[in-house]
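Residue-level structural notes
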Amino acid sequence: MMTVLTFDCRFAYPTGFALDFAFNVDAGVTGLVGPSGCGKTTVLNLISGLLRPDSGRIALGDQDLFDAKKRTDRRPEERQIGYVFQDFLLFPHLSVEDNLRYGQQRQKDCRIEFQRVVAALELGDVLRRMPASLSGGQKQRVALGRALMRSPQLLLLDEPLNALDRELRASVIEDLAKIVDELEIPAIVVSHDQASIAALEAHVVAMSQTGSPGS
Amino acid sequence: MLTAPEWQAVRLTLVVAVAAVAVSLPIAIGVGWLLAKREFPGKFLVETLVNLPLVLPPVVTGYLLLVVFGRNGVLGGFLEKWLGLRFVFDWKGAALAAAVVAFPLLVRPIRQSFAAIDERLIQAARTLGAGPFDAFASVTLPLARPGILGGALLGFARSMGEFGATIMIAGNIPGATRTISLLVYSQLETPGGMRTSLRLVWVSIAIASLALLAGEVLERRGRRRLTGAIG
């Protein structure tokens, strides 16, 4: 199976704790699990370029996103990565439609059709609404749709089910599995909920407290 | 009804206040963002400098402006020679004085607006393909709009009433630099001035109230939009 992402980095927090972690991501869904505070979100931030590793290498396919030896460090906007944040981070001043189109408008070639995402995530009825008027599940779907409209080569999801009740969790898992499968976008899902990861039939990468791979 | 000199003063005051806000607003946005979002050596000094006109006697501010922008001033001579910009005994001097005195009132709400913006929204914009300037223009600025509008209107209202610094640099020339405040002052110097100046006092109150009211309406509309009204 082709490796989508190669991650081998060291990152020291200002507090002194250091994350030293390596893993590969193949096609499909990869679940990144581990105890709270072990650095799962940090890994996503390093992959997306929001944090800069102290050393190591991150490669997406054959493209280096970061390589300390080659002094390569692509800016977040240059990395073709869709990021669904834990608390959605929808732009409050933009309608649902404008949120969805934000990433699409900033790239030359969008291979994902707007209507396809809207239909898949059942967002047709809320396109004109502002994010503050949406339910937690709707916000989650908009955040997912916004990341997908970026035409990402890799999708990052940080605790995508955290803010949702049990019923919504099942529906989001279903949406997520369908979208990732339909659009053939590999995804890394961070979660402390093993059952959700299992439901996504994800390949599991476990992080230990020190930030090294557990299994 | 207002007399011709009074109309002239009202028009000039509006021109001066609009020019003062137009010139100082972009600078206030830059300074407000810098103070809200960045830590740098000498930040305390910049903060002091920005707020200084708020506590300095306006006449002292006017004196300092005269030293810097006077015909023989540090910048005044250069600006007049190379750009044809004259501030002394000119309406542009009145606008400059109003801009400087109102500047802290512009910066304060703008800074607060920037400080209230969740930095992670900017990060989200970056992951969606926006560069730093694009993210600033498409996320930061629109979210800071209530503070920017509030600051602009507060600055406008303050500029309308500027007196001390204006008389120092622009003088009190009828038709050229005599704003509402200066005309009211001049009218009070003449017999029956209390009665004649009353008209301008009402005009001043009306314009300033309208500015503040407009600010309130715009801010509420912006807040309603952010809190979920169907747009």
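As a starting point, this report considers the structure included with it. Owing to the predicted nature of the structure, the values given are computational and were not obtained by experimental measurement. Here the residue index of a chain counts from 1 through its sequence in written order. Here the convention is simple: chains get letters from A, ligands get numbers from 1, in the order in which they are written. With pLDDT at 70 or above as the cut-off, local features in this predicted model cover only qualifying residues; side-chain atom pairs require 80 or more to be listed or tallied, and sums for whole chains, interfaces and linings still use all residues. As a rule here, side-chain values come from all non-hydrogen atoms in the structure, and water together with hydrogens is ignored.

Considering the packing of aromatic side chains
Any aromatic ring pair is given by two values, namely how distant the centres are and how the planes are angled relative to each other. Residues and elements named next belong to chain A. Two aromatic rings, drawn from Phe, Tyr or Trp (for Trp, its six-membered ring), form a pair once their centres lie within 6.5 Å of each other, and the interplanar angle then sorts them: stacked below 30 degrees, edge-to-face above 60, tilted otherwise. A full pass over the atoms with the stated rule returns 11 aromatic pairs over all chains. Ring geometry for Tyr13 against Phe17: centres 5.2 Å apart, planes inclined by 35°, an arrangement best described as tilted. Note on exposure labels: buried denotes an accessible area under 20% of the residue type's maximum, exposed denotes more than 50%, and partly exposed covers the range between, all computed with a 1.4 Å probe on protein chains only. Exposure remark for Phe17: the relative accessible area of 29% places this residue in the partly exposed category. One cation-aromatic arrangement involves Arg101 over Phe114; the distance from NZ or CZ to the ring centre is 3.7 Å. As a reminder, the over-ring test applies to NZ of lysine and CZ of arginine, requiring each to be within 6 Å of the ring centre and within 35 degrees of the ring normal. When the ring centre of Phe91 is taken as reference, the NZ or CZ atom of Arg146 above it lies at 4.6 Å.

Looking at the interface of chain B and chain A
Only heavy atoms enter the contact rule, under which two residues are in contact if any of them lie within 4.5 Å. Taken residue by residue, the interface counts 26 residues in chain B and 25 residues in chain A. For the chain B and chain A pair, buried surface summed over both sides reaches about 2200 Å², with 61% attributable to carbon and sulfur atoms. The largest contributions to the chain B side of the interface with chain A come from Arg126, Thr127 and Leu128 of chain B, which together make up 29% of the buried area. A carboxyl oxygen of Asp or Glu within 4 Å of a side-chain nitrogen of Lys or Arg is what we treat as a salt bridge. Here chain B and chain A share three salt bridges between them. With its nearest N and O atoms 2.8 Å apart, the salt bridge here joins Asp87 of chain A to Arg120 of chain B. Helix numbers and strand numbers start at the N terminus; a helix is a DSSP run of H or I with at least 4 residues, a strand a run of E with at least 2. Among the elements of the structure, α6 (119–127), α7 (132–143) and α11 (193–226) of chain B are those that each provide at least two residues to the side of chain B that touches chain A. Two parts placed together each lose some accessible area under a 1.4 Å probe, and adding up what both lose gives the buried area.

Here's the deal with the nonpolar core
One recurring pattern in soluble globular proteins is that nonpolar side chains are buried together. Here the nonpolar core consists of buried residues drawn from Ala, Val, Leu, Ile, Met, Phe, Trp, Tyr and Cys, with membership extended through side-chain atoms lying within 4.5 Å. In this structure, Leu5, Phe7, Phe23, Ile47, Leu154 and Ile188 of chain A are the most contacted members of the largest nonpolar core, which totals 74 residues. No other element matches the nine residues that helix α1 (residues 4–37) of chain B contributes to this core. Ignoring anything within four residues of it in the chain, the contact list for Ile188 of chain A reads Leu5, Phe23, Val25, Thr30, Leu32, Leu44, Ile47, Leu154, Leu155, Leu156 and Leu157 of chain A.

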